[in-house]
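In case you want the letters, here they are:
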Amino acid sequence: SAVISQKPSRDICQRGTSLTIQCQVDSQVTMMFWYRQQPGQSLTLIATANQGSEATYESGFVIDKFPISRPNLTFSTLTVSNMSPEDSSIYLCSVGQAWGYTFGSGTRLTVV
Amino acid sequence: KQEVTQIPAALSVPEGENLVLNCSFTDSAIYNLQWFRQDPGKGLTSLLLIQSSQREQTSGRLNASLDKSSGRSTLYIAASQPGDSATYLCAVLRIGGGADGLTFGKGTHLIIQP
């Protein structure tokens, strides 16, 4: 299965600032997914990122708040913009293949 | 809209016991079902994937079953060990939903007492 490198693994950020999370996959994949896991909750899909097109966002998530880039078939970034304490969560990227979905190790974000 | 429910939400058992975690889903039109393990503050580790045409999958002390018609899956852990302590997540992929990602349950928080 694909190996995903996600960074940073954690960060503490001031409110009002932005953080960009990077995911690098060791093979070419068509779609990459970004999830959020709020404290004590399960995973919620933020958006699906295809190379060469705009990301598709789930209800409740908007591009201005969570801009996504997908410059090639092995890399994607998610930016959390104008952060508030409510954005404190674990953010995970994922790829789906025939043998199942693989996840990055996650970025633990704390906004103070 | 697909909904995934996991029961129990939390479970604490002594080491060595066999245990069963339950997952149910509302829409039986699934492509596959996947069980994950998540350690505190970490990402997800895939445990087992069951295709919709399969009834069960086994890996070591883990066995997952799928009854698509009734919308249920179980994860059986044999001879539990303290290292099995983690949150176990069940997730389904709907048919034709390759662009949608997975739908997750809220997980079962498992503690194995030494």
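Above this text you will find the structure in question.
Nothing here was measured: the structure is a model prediction, and the numbers come from that model.

Draft legend 1. Structural context of the pairing of strand 4 (residues 30-38) of chain B. All names here are of chain B. Of all nine residues in strand 4, eight are buried, a share of seventy percent or more. Of the pairings in the sheet, the one linking strand 4 to strand 9 (residues 86-94) comprises eight bridges and is antiparallel in character. Along strand 9, the bridge assignment pairs Q34 with A91. Pairing analysis gives seven bridges linking strand 4 to strand 5 (residues 44-51), with the strands arranged antiparallel. Across the sheet, residue W35 finds its bridge partner in strand 5, namely L48. Between strand 4 and strand 5, which pair antiparallel in sequence order, lie five residues; one of them, G41, sits at a positive phi of approximately 70°.

Draft legend 2. Spotlight on the state of the cysteines. Considering all chains together, one arrives at two disulfides over all chains under this definition. The side chain of A:C23 participates in a disulfide bridge whose partner is A:C93; the two sulfur atoms lie 1.7 Å from each other. Torsion about the S-S bond of the A:C23 and A:C93 cystine: about -85°, corresponding to left-handed handedness. Taken together, the residues span a long stretch of sequence, with A:C23 in strand 3 (residues 19-25) and A:C93 in strand 9 (residues 89-97) at a distance of 70 residues. Take A:C23 and A:C93: they sit in the same class, and that class is buried. B:C23 shares a disulfide with B:C90; S-S distance 2.0 Å. What sets the handedness of the B:C23 and B:C90 disulfide is the S-S torsion sign, and at about -60° it is left-handed.

Draft legend 3. Seen up close, the pairing of strand 1 (residues 4-7) of chain B. Residue and element names in this part refer to chain B. Side chains of strand 1 alternate between two faces, with V4 and Q6 buried and T5 and I7 left unburied. Pairing of strand 1 with strand 3 (residues 19-25), which is carried by four bridges, proceeds in the antiparallel orientation. Looking across to strand 3, one finds that V4 is bridged to F25.

Parameters at a glance
Residues numbered from 1 in each chain as written. Chains lettered and ligands numbered in written order. Predicted model: local features only at pLDDT ≥ 70, side-chain atom pairs only at ≥ 80, totals over all residues. Heavy atoms only, no water. Buried < 20%, exposed > 50% of the residue type's maximum accessible area, 1.4 Å probe, protein only. Helix = DSSP H or I, 4+ residues; strand = E, 2+ residues; numbered from the N terminus. Pairing = 2+ DSSP bridges. Disulfide = S-S within 2.5 Å.

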